Amino acid sequence: MRRVSGPRDERRLGRGAAFAVLACANVVMMATASAPSPIYPLYRERWGLSVTMLTVIFAVYVVGLLGALLTVGPLSDQLGRRPVLVAALLVAATSTAVFWTADGVVALLIARVVQGIATGTATGALAAGLVELSPKRHPHLGPTTTAVGTSIGMATGAGVVGLLVQSTSRPDAYVFPFLTLTFVVLAAVVLTIPETLVPRAVGLASLRPRVRVPREARPEFFASIPALVAAWSVTGLFLALTPSLVSNVLHVRSGAAGGLSIAALFVANSVGGLWSVRHAARLATLLGAVLLTLGASGLAVAIAVASPAVYVGGSVVAGLGVGLTFNGNLRAISAVTTAKSRSEVFSAVYVISYAALSLPALAAGLAAPSWGLEATGYLYVGFVGTLSLGAALHAGRSHAHRPTSDPIRTGRESRPRSERSRC
């Protein structure tokens, strides 16, 4: 797979504008992923859903997402970034249209699966496109924008919808029509961005489920797994269970509280992602894992004393940890990828991440009816804390044995040597 070179097509957007379009698409896609979470308590009242069913609705999103990541997710390495992204944005518009007209649990399940397929299709292409369209003087901007844009989108979706939940009993009647229109407009704009790869013909074999990480990227990829699992597990706690925990365990009756708690995590996540740029990728991961451990401890204390203030504090500390670890890992992995495999490698990263997002949350949802939300919350944050401590110890050993010259500190990590020589 070669990078496209040659004279600029005047009908296409410039690199800077195209980068901004992909950054915007990433934020909107992630905002849509978190938007339903604050509405779950309303769905529960409207249709008599259980906590277990709410976590199932959350989890089927990840089923669709992982299915897409394993099949169509890496296709942008072969078909090009633009056509895959246009298709993903139109599928996302379909999912929000189904949310808009939902009249029961079946429609919610369908909407979440379709939404997961759209996100899984777009994820690798967005991450790869942002790396390839990064300013040449700031190659680290691609993975940083991916990580920070993900958290900003999640915060925006949860926060805005959380405020709407406070002011109207039908926030879905406002949110999902707006998102449907936004996705259609984004799909039209993405048609005008330049293609960064020369497409090649593909066959049905390209859709065979697979996760493949090239040999040269495997050390960084496997080293990133403990921190990725810890960070995305705490994210799953917030997206699946926090609105119910805030209402039933912390005894906060405000309809906006659940969404704003999620937003607090992701705003801190964004700050952590930006903060990580000031550090080498390995050090960012170490700091993030330590903060995740402290944040999980704070959440456990908040549940024990039923303190919303302590819960928000734990959310902020954990969010900083998520941002630091995710951005640090993306930068480290981006340093050892090439255009030929970049989308596929990023898809593999997200397979690990979204499995960590969904499986613990689903297990918690199944346990909650028997053990109660409070006990389930203790177990969940204990699980996250244990993972985070393990990730911190692992990152600490890696940081202690890092080479004297750390290329990941310089900001050149986004373009491997072989690819930089072609630029």
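Rules used in this analysis
Residues numbered from 1 in each chain as written. Predicted model: local features only at pLDDT ≥ 70, side-chain atom pairs only at ≥ 80, totals over all residues. Heavy atoms only, no water. Helix = DSSP H or I, 4+ residues; strand = E, 2+ residues; numbered from the N terminus. Buried < 20%, exposed > 50% of the residue type's maximum accessible area, 1.4 Å probe, protein only. Areas by Shrake-Rupley, 256 points an atom, 1.4 Å probe, with all protein chains shown as cover. Salt bridge = Lys/Arg side-chain N within 4 Å of Asp/Glu carboxyl O. Axes fitted to C-alpha atoms, helices over the stretch in contact; angles between N-to-C directions. Parallel < 35°, antiparallel > 145°, perpendicular 65-115°, else oblique. Left-handed = near helix turned anticlockwise from the far one by under 90°. Contact = heavy atoms within 4.5 Å. Core = buried A, V, L, I, M, F, W, Y, C linked by side-chain atoms within 4.5 Å. Nonpolar A, V, L, I, M, F, W, Y, C, P; charged D, E, K, R; others polar. Phe/Tyr/Trp six-rings, centres within 6.5 Å; stacked < 30°, edge-to-face > 60°. Lys NZ or Arg CZ within 6 Å of the ring centre and 35° of its normal. Expected span 1.5 Å × (residues − 1). pLDDT = per-residue confidence, 0-100.

**Q** Could you clarify how one ought to interpret the overall build of the protein chain in this entry?
**A** Counting its regular elements, the protein chain contains 16 helices and zero strands. Per-residue burial over the protein chain gives 60% buried out of 423 residues. Accessible surface computed for the protein chain: about 16100 Å², of which carbon and sulfur atoms make up 68%.

**Q** For this particular structure, what's the right way to read the pattern of salt bridges?
**A** Between side chains of opposite charge, pairing is possible as soon as their charged atoms come close. For the structure on display, the rule yields four salt bridges. The salt bridge involving Arg81 is made with Glu132; its shortest N-O contact spans 2.6 Å. With Arg81 in helix 5 (residues 81-100) and Glu132 in helix 6 (residues 105-132), this pair connects stretches of sequence that are 51 residues apart. For Glu132, a relative accessible area of 0% corresponds to the buried category.

**Q** How should I be thinking about the packing of helix 5 against helix 8 (residues 172-190) in this particular structure?
**A** Each pair of packed helices can be summarised by the angle the axes make with each other and by the distance between the axes. Helix 8 packs onto helix 5 with a crossing angle of 165° between their chain directions and a minimal axis gap of 8 Å. On the basis of their axis angle, the class for helix 5 and helix 8 is roughly antiparallel. When the axes of helix 5 and helix 8 are compared, the crossing they make is left-handed. Residues Arg82, Leu85, Val86, Leu89, Leu90, Ala92, Ala93, Thr96, Ala97, Phe99 and Trp100 of helix 5 pack against Phe176, Pro177, Leu179, Thr180, Phe183, Val184, Leu186, Ala187 and Val190 of helix 8.

**Q** Quick question: what am I supposed to make of unusual backbone geometry here?
**A** Apart from glycine, the bulk of residues carry a negative phi angle, and the bulk of peptide bonds sit in the trans form. Phi angles above zero are rare outside glycine, and His251 is one such case at about 60°. Of note in this structure, Ala306 is not a glycine but carries a positive phi near 55°. Summarising the element assignment, Ala306 is placed in the loop between helix 12 (281-305) and helix 13 (308-334).

**Q** Explain the nonpolar core here, please?
**A** Nonpolar side chains in soluble globular proteins tend to end up buried together. Membership of the largest hydrophobic core comes to 109 residues, with the highest contact counts inside it found for Trp232, Leu241, Tyr311 and Tyr354. The leading source of residues in this core is helix 14 (residues 342-371), at 12 residues. Counting five residues, the second-largest nonpolar core is a separate cluster that includes Ala268, Ala284, Leu291 and Leu320.

**Q** Teacher, can you tell me more about the packing of helix 6 against helix 7 (residues 141-167) here?
**A** Two numbers describe how helix 6 lies on helix 7: the axes approach to 7 Å, and their chain directions differ by 145°. Taken as a pair, helix 6 and helix 7 cross one another with a handedness that is right-handed. In contact with Ala127, Leu130 and Val131 of helix 6, helix 7 contributes Gly142, Pro143, Thr145 and Thr146. Counted by class, the contact of helix 6 with helix 7 contains four nonpolar, three polar and no charged residues.

**Q** Sorry if this is basic, but what is going on with the side chain of Thr180 here?
**A** Looking at the element boundaries, Thr180 is found in helix 8. Sequence-distant contacts of Thr180, defined by excluding residues within four places in its chain, comprise Ala93, Thr96, Ala97 and Trp100.

**Q** Whenever I open this one, the packing of aromatic side chains confuses me. Can you help?
**A** For any two aromatic rings, the description comes down to two numbers: the centre-to-centre distance and the angle of the planes. Scanning all chains against the criterion turns up six aromatic pairs. Pairing Phe238 with Tyr311 gives two aromatic rings, centres 5.8 Å apart and planes at 40°, and the pair type is tilted. Taken together, the residues span a long stretch of sequence, with Phe238 in helix 9 (residues 218-240) and Tyr311 in helix 13 at a distance of 73 residues. In this structure, Phe238 and Tyr311 share a single accessibility class: buried. By the ring-pair criterion, three or more aromatic residues cluster together here, those being Trp232, Phe326 and Tyr354. Sitting over the ring of Trp47, Arg46 keeps its end group 5.3 Å from the ring centre. Positioned over the ring face of Tyr61 is Arg112, at 4.4 Å from the centre of the ring.

**Q** What is the right way to read helix 12 from this model?
**A** Counting along an α-helix, one turn takes 3.6 residues, and residues three or four places apart therefore face a common direction. With 25 residues, helix 12 extends 36 Å between its outermost C-alpha atoms, agreeing within 8% with the 36 Å of an ideal straight helix rising 1.5 Å per residue. Count one or two residues on from helix 12 and you reach Ala306, which has phi positive near 55°.

**Q** Explain the confidence of the model for the protein chain to me, please; I cannot follow it from the model alone.
**A** Any segment with low pLDDT has predicted coordinates that should not be analysed in fine detail. Predicted confidence across the protein chain gives a mean pLDDT of 83, with 88% of residues reaching 70 or more. In the model of the protein chain, helix 16 (residues 417-420) stands out as the element of lowest mean pLDDT, 42, in contrast to helix 8, which has the highest, 96. The low-confidence segment residues 404-423 (pLDDT under 50) makes 52 contacts with residues lying over four places distant or belonging to another chain.

**Q** Hey, could you run me through the environment of Tyr350 in this one?
**A** Note that Tyr350 resides in helix 14. In this structure Tyr350 comes out as buried when scored by relative accessible area, which is 3%. In this structure the C-alpha to C-alpha distance between Tyr350 and Trp232, which are 118 residues apart in sequence, comes to 9.9 Å. Ignoring anything within four residues of it in the chain, the contact list for Tyr350 reads Leu66, Leu69, Thr123, Thr146, Thr150, Trp232 and Phe326.

**Q** I keep staring at the environment of Phe383 and nothing clicks. Help me out?
**A** With respect to the element layout, Phe383 can be found in helix 15 (residues 373-400). Classification of Phe383 as partly exposed rests on a relative accessible area of 38%. As for Phe383 and Ser233, which are separated by 150 residues in sequence, their C-alpha atoms are 8.7 Å apart. Those residues within four positions of Phe383 in sequence are excluded, and the remaining contacts are Ser233 and Pro360.

**Q** Quick question: what am I supposed to make of helix 3 (residues 51-70) here?
**A** In this model, helix 3 (20 residues) spans 29 Å end to end at C-alpha, consistent with the 28 Å of a helix rising 1.5 Å per residue. Burial within helix 3 is extensive, with 15 of its 20 residues counted as buried.

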